[in-house]
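Structural overview
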Amino acid sequence: MEALYYYWSIWFVWIMVTFIMEKSLWRSVLGICVLIHIIFSHVIISVLDMSINAGFLMTFLYACAAFVIYRPSYRIMRIMQLGSMVSAYAFFMMFALYDPVWFTIIKVDWVVFTLLILMCMTYGQSLTERITLWMMSVCLGEALYALTIHRLTSSIVIGDLSFLSFVVQGAVFLLGVDQLEKLLNARSSRKSVKGAAKST
């Protein structure tokens, strides 16, 4: 089921990138990156006694590249914000593991998803900043969580398909919020122009 969620979400992203975004070099690069991500989503890399999904590594590398290329303002503050998001992710995942009674009605994934999305929308101004914060925070949080519980279990895969589905769905949600904000801003600007025209 996790694979189904992941592939539906990632193909939706590819369709939006290929057919909805304006033609540019950035669109071509992004489309290729999405396809490469799909291809390597089932590749598992063994490091010492741990297994890492290649899609997880690619997601983290994409986020790091975006963080370096776009050079967000107030970088120290961005790193502090990222640290708070990573801590929130790891805390709730470990809390659900040690005391699962609190998450019998609402899944911990929903709680983490809602919290981190709100933090991304609060910390980031542009879509690029929000998606970069989202991908880096969930990747680092997943790595921290996996390293913490590594001594409790012998078989663990960092960044499995359920995690990749979680990442892609968050990115799609942030993209939808960005499009909605643009639509509302365009409508408000049209109303202001009409009001100015009537007054004159």
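Since we're looking at a predicted model, the values are computed, not measured.

This brings us to the overall build of the protein. Tallying secondary structure elements over the protein gives seven helices and three strands in all. When the elements of the protein are put in sequence order from the N terminus, they spell out α-α-β-β-α-α-α-α-β-α. Each principal axis of the C-alpha distribution contributes one length, and for the protein these read about 75 × 35 × 35 Å. Burial status across the protein gives 38% buried among its 200 residues. Considering only contacts in the protein between residues 6 or more positions apart, those separated by 24 or more positions represent 68%. Carbon and sulfur atoms make up 71% of the accessible area of the protein, which totals about 12,400 Å². Both charge centroids of the protein, one from 14 positive and one from 10 negative side chains, sit 18 Å from each other.

For the rest of this paragraph, the subject is the nonpolar core. Core analysis: the largest hydrophobic core is formed by 47 residues, its most contacted members being Y89, L116, W134, V138 and F163. Secondary structure elements with two or more residues in this core: α1 (2-19), α2 (25-39), β2 (50-53), α3 (54-70), α4 (75-98), α5 (108-123), α6 (127-149) and α7 (161-199). Sort the elements by how many residues they give to this core and α6 lands first, with ten residues. Those residues in contact with L116 that sit more than four places away from it in its chain are M85, A88, Y89, W134, S137 and V138.

Taking 1.5 Å as the rise per residue, α3 with 17 residues should run 24 Å; its terminal C-alpha atoms sit 24 Å apart, in good agreement. For α3, the complete set of buried residues consists of A54, G55, F56, M58, T59, A63, A66 and F67. Two or three places before G55, at the opening of α3, N53 has a side-chain oxygen 2.7 Å from that residue's backbone nitrogen.

Let us look at the packing of α4 against α6. Where α4 meets α6, the axes come as close as 8 Å, and the angle between the chain directions of the two elements is 45°. Relative to α6, the element α4 lies oblique. Of the two elements, α4 crosses α6, and the hand of that crossing is right-handed. Contacts between α4 and α6 pair R78, L82, M85, V86, Y89, A90, M93, M94 and L97 from the former with E129, L133, M136, S137, V138, L140, G141, E142, L144, Y145, T148 and I149 from the latter. Looking at the contact of α4 with α6, its residues break down into 15 nonpolar, three polar and three charged.

In terms of strand pairing, strand β1 (residues 44-47) meets β2 through four bridges, oriented antiparallel. Bridging from a neighbouring strand, V47 pairs with M50 of β2. Between β1 and β2, which pair antiparallel one after the other, the connecting turn spans two residues, and L48 there sits at a positive phi close to 55°.

All told, the structure shown has 13 aromatic pairs when counted by the stated rule. Taking 5.3 Å as the distance between ring centres and 80° as the angle between the ring planes, the aromatic pair formed by F91 and F92 counts as edge-to-face. Residue class for F92 comes out partly exposed when judged on its relative accessible area of 23%.

A word on the sheet that holds β1. In spatial order, the strands read β1-β2-β3; together these three strands make up an open sheet with mixed pairing. Only two strands of the sheet have a single neighbouring strand rather than two, namely β1 and β3 (157-158).

Considering only enclosed or pocket space, the largest pocket measures out at about 1,000 Å³ in volume. In terms of lining, the largest pocket is formed by 32 residues, of which the most central are V13, V17, W26, L30 and I131. Elements with a minimum of two residues in the lining of the largest pocket: α1, α2, α3, α6 and α7. Counting residues per element, the lining of the largest pocket draws most heavily on α7, at eight residues.

Together, I32, I36, I39, F40, V43, I45, V47, L48 and L57 make up an exposed nonpolar region whose accessible area comes to about 800 Å². For the nonpolar patch, the element with the highest residue contribution is α2, accounting for three residues. Turning to its location among the elements, L57 is positioned in helix α3.

Rules used in this analysis
Residues numbered from 1 in each chain as written. Predicted model: local features only at pLDDT ≥ 70, side-chain atom pairs only at ≥ 80, totals over all residues. Heavy atoms only, no water. Helix = DSSP H or I, 4+ residues; strand = E, 2+ residues; numbered from the N terminus. Buried < 20%, exposed > 50% of the residue type's maximum accessible area, 1.4 Å probe, protein only. Contact = heavy atoms within 4.5 Å. Areas by Shrake-Rupley, 256 points an atom, 1.4 Å probe, with all protein chains shown as cover. Lys, Arg positive; Asp, Glu negative; His and termini not counted. Charge placed at Lys NZ, Arg CZ, Asp CG, Glu CD. Core = buried A, V, L, I, M, F, W, Y, C linked by side-chain atoms within 4.5 Å. Expected span 1.5 Å × (residues − 1). Polar contact = N/O pair within 3.5 Å; in protein donor to acceptor, adjacent residues only side chain to side chain. Axes fitted to C-alpha atoms, helices over the stretch in contact; angles between N-to-C directions. Parallel < 35°, antiparallel > 145°, perpendicular 65-115°, else oblique. Left-handed = near helix turned anticlockwise from the far one by under 90°. Nonpolar A, V, L, I, M, F, W, Y, C, P; charged D, E, K, R; others polar. Pairing = 2+ DSSP bridges. Phe/Tyr/Trp six-rings, centres within 6.5 Å; stacked < 30°, edge-to-face > 60°. 1 Å grid on protein atoms, 1.4 Å probe; cavity = no way out; pocket = protein on both sides within 12 Å on 5 of 7 lines; lining within 4 Å. Points joined across faces, edges and corners; volume = space filled by probe spheres on them. Patch = residues over 30% accessible without salt bridge, like charges linked within 9 Å, V, L, I, M, F, W, Y side chains within 5 Å. Salt bridge = Lys/Arg side-chain N within 4 Å of Asp/Glu carboxyl O.

Scope: geometric values only; no functional claims are made or implied.
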